[in-house]
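What the coordinates show
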Amino acid sequence: MTSRPPNTSIVAPTANELLNIVTRFAADLGTMTDLTTLGNCIIQELCRAGATTHGTLFLLDREHECYRRASMVGPLAPTIIPPTLAVDHPLPHHLLATNSIMTQADSAEDLQETEFGAGACAAMEAMQATRIVPHLNNKGRLIAFSLLGAAQPLAEENALTRSLLAALAQTATNALYTIVLYEDLLRSHTLMKRTDRLKSLETIAGGFAHEIRNPLTSIKTFIQLAPERKDDPLFIQEFSKVVLDDVYRIERLIQEILDYSRYMEPKLTDENLNDVVASCLYFIDVKADSHGIKIEKELASDLPRVMLDRQQIKQVLLNLLLNAMDSMAGAGGRLRVQTRKLVKPGGNVWAHIEIEDTGEGIQDTNLEHIFDPFFTTKHESGEHEGTGLGLTIVHQIIQEHHGEIRVK
Ligand SMILES: Nc1ncnc2c1ncn2[C@@H]1O[C@H](COP(=O)(O)OP(=O)(O)O)[C@@H](O)[C@H]1O
Ligand SMILES: [Mg+2]
């Protein structure tokens, strides 16, 4: 599929040309499997069909309760169009209520009368749009809308032009909805896979058995050989070091399994997250110092109080902080902990914590595995060997708290 530049002059296509645009667009749809390509194509074709010079497609972002600017074409400065519009903004309300293409011509009188008309009309003007196309799915939900604009006012449209434009808009909506559903499905599949993995005690128990089999074998071998090699000091010395490491490893695994099962009953209390952060930093301070790691903390004074299980969130933070320190082991570096108040576009207030280190980072291929039980890249023997359970526990606890965790 080739992408065609939008009109730069206002020459309205004839009915025949419009019909061609609609047919070609419908044919092109088969080649598009992602939202970005589809969004770009929709906005280009709508501009072409509507004889407008610039256009922006807003897509519903359900997670953040807003419409997000997804595709833009034409010479309009992006600052004129905000990156997001809240779902309760008058414009989406109005489009939802009328489910018809809004034009400058009908805006003046008719719009002032409806509940959200005036607000929608003001937004249309502020965003320099001459026409706004709603995209409602078959459940009556506004999944997107397209803002189209031109420097000059639109020419009079006849009924045929209007209905062909509506047909193009409807085709675009159907295509958008299909891809949105498809992407949702992919996302929930990934989430289900992860949740399954975490909830499955079988995985944990099986993994645990596997993980302790090796150290147990070495301990058993040592005990079997010890009587006949008791007079070989080198053997006893070397092997007991290995055995001690193995004992450490089993101890750590047991401790983490216990921690893992403890998440079952979170005891929520009303807390200031800054206090929890400060108490965790206090624990790691000495260790950080001895490794040449500088701790920087920025704790927001307006952080909202949250309901949380203090012990569990401490465990989350300590796991993240210790991982950060591991990644800088030896070389020193900077560990930054920041808290801030986050107001999501829907108006919900969240407490946000960011932990950043200057360590080695995580390879792209490992990113999708770091929350898996027993996934570790710390294979050094002895006390520093990883168990790969830290982030599994972190993820579980955050899920239990209905929070979110992201990694960059
Ligand atoms: N801050 C970090 N920097 C680099 N890699 C990290 C960081 N945090 C986690 N990782 C990677 O994720 C893996 C899993 O972490 P985790 O579940 O805590 O297990 P462990 O620390 O026992 O290896 C680590 O082995 C490491 O590869
Ligand atoms: Mg860890």
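One can find the structure itself at the top, above this paragraph.
So, a few notes on the structure that sits alongside this text. (Residues numbered from 1 in each chain as written. Chains lettered and ligands numbered in written order. Predicted model: local features only at pLDDT ≥ 70, side-chain atom pairs only at ≥ 80, totals over all residues. Heavy atoms only, no water.)

With that settled, the discussion passes to the sheet that holds strand β10 (residues 333–343). Backbone hydrogen bonds are what pair the strands of a sheet, in a parallel or an antiparallel way. In spatial order, the strands read β8-β10-β11; together these three strands make up an open sheet with mixed pairing. The open sheet has two edge strands with one neighbour each: β8 (293–299) and β11 (349–357). Neighbouring strand axes in the sheet, compared pairwise and without regard to direction, differ in orientation by 10° on average. As judged from the seven bridges shared by β8 and β10, these two strands associate in the parallel manner. (Pairing = 2+ DSSP bridges. Helix = DSSP H or I, 4+ residues; strand = E, 2+ residues; numbered from the N terminus. Axes fitted to C-alpha atoms, helices over the stretch in contact; angles between N-to-C directions.)

For the coordinates displayed, the defined rule picks out five aromatic pairs. Taken together, a centroid distance of 5.3 Å and an interplanar angle of 55° make the contact between tyrosine 67 and phenylalanine 145 tilted. Of the two residues, tyrosine 67 is situated in strand β2 (residues 66–73) and phenylalanine 145 in strand β6 (residues 142–149); the sequence distance between them amounts to 78 residues. When the centroid spacing of 5.1 Å and the interplanar angle of 70° are considered together, the rings of phenylalanine 235 and phenylalanine 239 count as edge-to-face. (Phe/Tyr/Trp six-rings, centres within 6.5 Å; stacked < 30°, edge-to-face > 60°.)

Quick look at the site of ligand 1 now. As a structural note, the neighbourhood of ligand 1 is formed by 17 residues, with Asp357, Thr376, Thr377, Lys378 and Leu391 the closest of them. Residue asparagine 323 places a side-chain N or O atom 2.9 Å away from an oxygen atom belonging to ligand 1. Aspartate 357 places a polar side-chain atom, nitrogen or oxygen, 2.8 Å from a nitrogen atom of ligand 1. Considering ligand 1 on its own, with 530 Å² of exposed area, one finds that the protein chains cover 90% of that surface. Among the elements of the structure, α10 (310–327) and α12 (390–400) are those that each provide at least two residues to the shell around ligand 1. The element contributing the most residues to the shell around ligand 1 is α10, with three residues. The residue makeup of the shell around ligand 1, split by class, is six nonpolar, nine polar and two charged. (Near = heavy atom within 4 Å. Polar contact = N/O pair within 3.5 Å; in protein donor to acceptor, adjacent residues only side chain to side chain. Areas by Shrake-Rupley, 256 points an atom, 1.4 Å probe, with all protein chains shown as cover. Nonpolar A, V, L, I, M, F, W, Y, C, P; charged D, E, K, R; others polar.)

This next bit is on the sheet that holds β2. If you walk across this open sheet you meet the six strands as β3-β2-β1-β6-β5-β4, and the pairing is antiparallel. The sheet is open, and its two edges are formed by β3 (84–86) and β4 (102–103), each paired on a single side. When β2 meets β3, the two strands line up antiparallel, connected through three bridges. Bridge pairing links cysteine 66 to alanine 86 in β3.

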